[in-house]
Amino acid sequence: MLLGADDVKNQYFGDINDYRKYGLLRALCGDELSLAVCWMLTADDGKNDGKRRGYLDEPNRYRPPDPTLFDFLHKTVRRDGVRDVRRIESSGLLGDAVFHSELLTDNRDQRREYFQSAMQCVSGRDLLFFDPDNGLEVKSIPAGKRGSCKYLYCAELAAAWRAGHSVLVYQHFPRVNRRRYLRELAAETTAAIGARRMVAASTSHVAFLLLPQSAHERMLERGLSRAEARWSAEFQMDDYVAPMLTSTGCGEGS
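Residues numbered from 1 in each chain as written. Predicted model: local features only at pLDDT ≥ 70, side-chain atom pairs only at ≥ 80, totals over all residues. Heavy atoms only, no water.

**Structural notes on the overall build of the protein chain**
The helix and strand tally for the protein chain stands at eight helices and nine strands. In the protein chain, buried positions account for 55% of the 254 residues. Residue pairs in contact within the protein chain that sit at least 24 positions apart in sequence constitute 77% of those at least 6 positions apart. Total accessible area on the protein chain is roughly 11700 Å²; 46% of this is exposed by carbon and sulfur atoms. (Helix = DSSP H or I, 4+ residues; strand = E, 2+ residues; numbered from the N terminus. Buried < 20%, exposed > 50% of the residue type's maximum accessible area, 1.4 Å probe, protein only. Contact = heavy atoms within 4.5 Å. Areas by Shrake-Rupley, 256 points an atom, 1.4 Å probe, with all protein chains shown as cover.)

The following block contains the structure:
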């Protein structure tokens, strides 16, 4: 299924997490790394979410980290009244990124086809960003069950890692101690895919989980330095190194 503006969850477009997300991607990649985005778009659920756009009315506070991006989102959302991920795709603000924009459902067969298509679309790109509604899998919702479209599963993450991509994943925080949660999640995830480290860029509600391939490590270090310089007021950065972590595998502590 292809992206349609009327039937996918575009209600989040342009909110504060979108601004931070796009800004982080721009900082990480710079002009060194090629980017692919797998939106993991899901059907509109009718909920009245995605109202966190008040930051657009506070340019003195929020514009400095990335003025070009802020101005684009302000114009698109406030002046044009548009909320559609295709606007960021066509803006050029994410460089020559490629985008996998098909609709993801709870159906297990459709999900398998979705990720096969996604891996073909993003082939050869350095950094692959997965943008699920909720984040990494939880044990209570196996693939194919209702609500599974909101999660990225360990096998899918591992396939992206084996294909040579460094991976960034959106993760919503559950209602638990966040430092402990990130430490346990880092242990599970690095053990499951064989990564050496995980870097978490966290806000009060979400985290962006970076799993760097050794081939991209130096470039991503420069990208992380740019992100810290620009976005220190928005993100807390934590670096989890695999030898310091113990776990039984992806998703076990979710």
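**Observations concerning the sheet that holds strand β3 (residues 127-130)**
As summarised here, the arrangement of the seven strands in space is β2-β1-β3-β6-β8-β7-β9, forming an open sheet in which the pairing is mixed. Edge positions in the sheet fall to β2 (98-100) and β9 (236-241), since each of these pairs with one other strand and no more. Between one strand and the next, the sheet's axes are offset by a mean angle of 20 degrees, whatever the strand orientation. Along the sheet, helix α6 (residues 154-162) contacts β3, β6 (166-172) and β8 (206-211); its crossing angle with β6, the most-contacted strand, is approximately 155 degrees. (Pairing = 2+ DSSP bridges. Axes fitted to C-alpha atoms, helices over the stretch in contact; angles between N-to-C directions.)

**What about the confidence of the model for the protein chain?**
Residues of the protein chain with pLDDT of at least 70 account for 89%, and the chain-wide mean is 90. Predicted confidence is poor over residues 1-7, with pLDDT under 50, and the contacts of this stretch with residues over four places away or in other chains come to 19 contacts. (pLDDT = per-residue confidence, 0-100.)

**Some words on helix α8 (residues 217-231)**
Across its 15 residues, α8 extends 20 Å between first and last C-alpha, which sits within 8% of the 21 Å expected from 1.5 Å per residue. Lining the buried residues of α8 we find α1 (16-29), β6, β7 (197-202), β8 and β9. (Expected span 1.5 Å × (residues − 1).)

**Examining the packing of aromatic side chains**
One pass over the full model with this rule turns up 14 aromatic pairs. Between Tyr22 and Trp39, the ring centres sit 6.4 Å apart and the planes meet at 85 degrees, which makes this aromatic pair edge-to-face. Taken together, the residues span a long stretch of sequence, with Tyr22 in helix α1 and Trp39 in the loop between β1 (35-38) and α2 (59-62) at a distance of 17 residues. Using a relative accessible area of 1% as the deciding quantity, one classes Tyr22 as buried. Of the residues examined, Trp39 reaches a relative accessible area of 3% and is grouped as buried. Taken together, the ring pairs in this structure connect Tyr19, Tyr55, Tyr62, Phe70, Phe129, Tyr170, Phe208, Trp231 and Phe235 into an aromatic cluster. (Phe/Tyr/Trp six-rings, centres within 6.5 Å; stacked < 30°, edge-to-face > 60°.)

**Structural notes on helix α7 (residues 178-193)**
The terminal C-alpha atoms of α7 lie 22 Å apart, and with 16 residues this matches the ideal 22 Å at 1.5 Å per residue to within 8%. Looking only at α7, the buried set comprises Tyr181, Leu182, Leu185, Ala186, Ala187, Glu188, Thr189, Thr190 and Ile193. Elements in contact with the buried residues of α7: β4 (135-136), α6, β6, β7, β8 and β9. At the N-terminal boundary of α7, the capping side chain belongs to Asn177, with an oxygen 3.2 Å from the backbone nitrogen of Arg179. With its phi angle positive at about 85 degrees, Gly194 sits one or two positions after the end of α7. (Polar contact = N/O pair within 3.5 Å; in protein donor to acceptor, adjacent residues only side chain to side chain.)

**Structural notes on the environment of Gln213**
With respect to the element layout, Gln213 can be found in the loop between β8 and α8. With a relative accessible area of 13%, Gln213 lands in the buried category. It is 6.8 Å that separates the C-alpha atoms of Gln213 and His165, two residues lying 48 residues apart in sequence. Apart from residues lying up to four places away in sequence, Gln213 is in contact with Trp161, Gly164, His165 and Ser166.

**Digging into the packing of α6 against α7**
For the pair α6 and α7, interaxial distance at closest approach is 9 Å and the crossing angle is 55 degrees. Overall, the two elements α6 and α7 adopt an arrangement that is oblique. Taken as a pair, α6 and α7 cross one another with a handedness that is right-handed. Contacts from Cys154, Leu157, Ala158 and Trp161 in α6 reach Thr189, Ala192 and Ile193 in α7. Along the lines of polarity and charge, the residues of the contact of α6 with α7 split into six nonpolar, one polar and no charged. (Parallel < 35°, antiparallel > 145°, perpendicular 65-115°, else oblique. Left-handed = near helix turned anticlockwise from the far one by under 90°. Nonpolar A, V, L, I, M, F, W, Y, C, P; charged D, E, K, R; others polar.)

**Comments concerning the side chain of Asp84**
In this structure, Asp84 sits in the loop between α3 (67-79) and α4 (85-91). At 2.9 Å, the side chain of Asp84 forms a polar contact with the side chain of Arg86.

**Examining the pattern of salt bridges**
Scanning all chains against the criterion turns up 21 salt bridges. Here Arg63 and Asp71 are joined by a salt bridge, their closest N and O atoms 2.8 Å apart. Looking at Arg63, the relative accessible area reads 32%, which means it is partly exposed. When the shortest N-O distance is used, the salt bridge between Arg87 and Asp80 registers 3.5 Å. Salt bridges here are not isolated pairs; linked through shared partners, they connect Arg196, Arg197, Glu217, Glu221 and Asp239. (Salt bridge = Lys/Arg side-chain N within 4 Å of Asp/Glu carboxyl O.)

**Observations concerning unusual backbone geometry**
Unlike most non-glycine residues, Met40 shows phi in positive territory, near 55 degrees. By the secondary structure assignment, Met40 is in the loop between β1 and α2.

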